[in-house]
Each structure stands twice: as C-alpha cells, then as structure tokens.
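Now for the letters of each chain:
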Amino acid sequence: MNGTALKIDNENLAGKAGYYLSLFGAALILLWIGIFKFTPTEANAIKPLVENHFLTFFVYDIVSIQAVSDTIGVIEIIIALLLIFSVKFASLRKYAAIGMIVTFLTTLSYLFTTPGVWKVVDGIPVTDFFILKDLMLLGFGLMILNVKKWIIK
C-alpha cells in the first residue's frame, strides 16, 4: 500500500474483506433506513430536519410529509442496490459513490441547520448521534469514487 492507492487483491485479504464488509454494511444500512422511511414514524421524525434545511425547506409546501419521506427512502434504496450490484457491475460503483456523497453531505448538514439538534450535557456538546454514522458512510463513498486506482480481484 502506498500513500495514494489501496491495492486490494488476493495478497491483501484484510483489505479485501474490509472493502466488502464496508460495501455490504453501507448497503444494509441504506436499505434498512430506506425501507423505514416508508413508515409514518420515520416520516414525522425527519420532518424537522427537512423543513429547516436551506435546500429542502420548501418540499412540504409541494407534497405531503409521507411523500417526502417515501422519496428519500426510494433514493436510499436505489443507492443500496447500486452498491450491491456494483460487486458484479463495476461501472455502477461511481453512481453509488456519488449518491452516497450527496446523501451523506446533506444529512450531515442537518447537524448545522436544524434547531435543537445540539445540546449541552454535563458541559459537553452532544447531538443525535445516529447522524454521525454518516461520517463513515461519506468516507466510504469518497473512497469508492476513486476506486479506479484499486485492484479488486
């Protein structure tokens, strides 16, 4: 391994296992959360995030709370499927990566646009930590966007 590329081949089994564990783990999370977006509980839970964001504040003026959540769910499921099928069709990796990057940059930005997300507990700022998982998923999306430099056998 050098400073710019990760060689993933049969000589680097830990790297190969890590790559596929990350890929299928990200796909599972996206699929699971995407499916959950079709429930009224999740639709209502994401409403404060969506309505306070500078890119999405207007969507509830156009469609219902559930329709917004369903749309986000469909996007997450599509990205999960792109990840899964990229194992067989490498050309899909780029689209999965771009979808992940846009999705997770948006969700991480909710930490800065939603009032009341940050609280101080015992002098330490804390947030709804479920959003912080998106840091790793964003990192994985960025990683697979540059997958041309890797050798995956």
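How each quantity is defined
- Residues numbered from 1 in each chain as written.
- Predicted model: local features only at pLDDT ≥ 70, side-chain atom pairs only at ≥ 80, totals over all residues.
- Heavy atoms only, no water.
- Helix = DSSP H or I, 4+ residues; strand = E, 2+ residues; numbered from the N terminus.
- Buried < 20%, exposed > 50% of the residue type's maximum accessible area, 1.4 Å probe, protein only.
- Areas by Shrake-Rupley, 256 points an atom, 1.4 Å probe, with all protein chains shown as cover.
- Axes fitted to C-alpha atoms, helices over the stretch in contact; angles between N-to-C directions.
- Parallel < 35°, antiparallel > 145°, perpendicular 65-115°, else oblique.
- Left-handed = near helix turned anticlockwise from the far one by under 90°.
- Contact = heavy atoms within 4.5 Å.
- Nonpolar A, V, L, I, M, F, W, Y, C, P; charged D, E, K, R; others polar.
- pLDDT = per-residue confidence, 0-100.
- Expected span 1.5 Å × (residues − 1).

Looking at the overall build of the chain
Then step 1. The helix and strand tally for the chain stands at six helices and two strands.
Then step 2. Considering the chain as a whole, with its 153 residues, one finds that 36% of them fall into the buried category.
Then step 3. As displayed, the chain offers around 9100 Å² of accessible surface, 72% of which is attributable to carbon and sulfur atoms.

Focus: the packing of helix H1 (residues 13-36) against helix H4 (residues 65-85)
Then step 1. Two elements in contact, H1 and H4, have axes separated by 8 Å at closest approach and are oriented at 155 degrees. One element, H1, and the other, H4, form an angle in the roughly antiparallel class. At the point where H1 passes H4, the crossing takes the left-handed sense. Residues Leu-23, Ala-26, Ala-27, Leu-30, Leu-31, Ile-33, Gly-34 and Ile-35 of H1 lie in contact with H4, whose contacting residues are Gly-73, Glu-76, Ile-77, Ile-79, Ala-80, Leu-83 and Ile-84.
Then step 2. Classifying every residue of the contact of H1 with H4 by side-chain character gives 12 nonpolar, two polar and one charged.

Here we look at the confidence of the model for the chain
Detailed reading of predicted coordinates is not advised where the pLDDT is low.
Then step 1. Per-chain confidence: the chain averages 88 in pLDDT, with 88% of residues scoring 70 or above.
Then step 2. For the chain, the element scoring lowest by mean pLDDT is strand E2 (residues 124-126), at 88; H4 scores highest, at 97.

A few points about H1
Then step 1. The end-to-end C-alpha distance of H1 is 34 Å, a good match for the 34 Å that 24 residues give at a rise of 1.5 Å each.
Then step 2. Every buried residue belonging to H1 is among Gly-15, Lys-16, Tyr-19, Leu-23, Ala-26, Ala-27, Leu-30 and Gly-34, and all of these are buried.
Then step 3. Of the surrounding elements, those touching the buried residues of H1 are H4, helix H5 (93-113) and helix H6 (133-145).

Some remarks on the packing of H5 against H6
Then step 1. The geometry of H5 relative to H6 is characterised by a closest axis approach of 8 Å and an angle of 150 degrees between their N-to-C directions. The angle between H5 and H6 falls in the class roughly antiparallel. As for how H5 packs across H6, the hand of that crossing is left-handed. The segment H5 lies against H6, with Arg-93, Lys-94, Ala-97, Ile-98, Met-100, Ile-101, Phe-104, Leu-105, Thr-107 and Leu-108 engaging Asp-134, Leu-135, Leu-137, Leu-138, Phe-140, Gly-141, Leu-142, Ile-144 and Leu-145.
Then step 2. Class assignment of the residues belonging to the contact of H5 with H6 gives a composition of 14 nonpolar, two polar and three charged.

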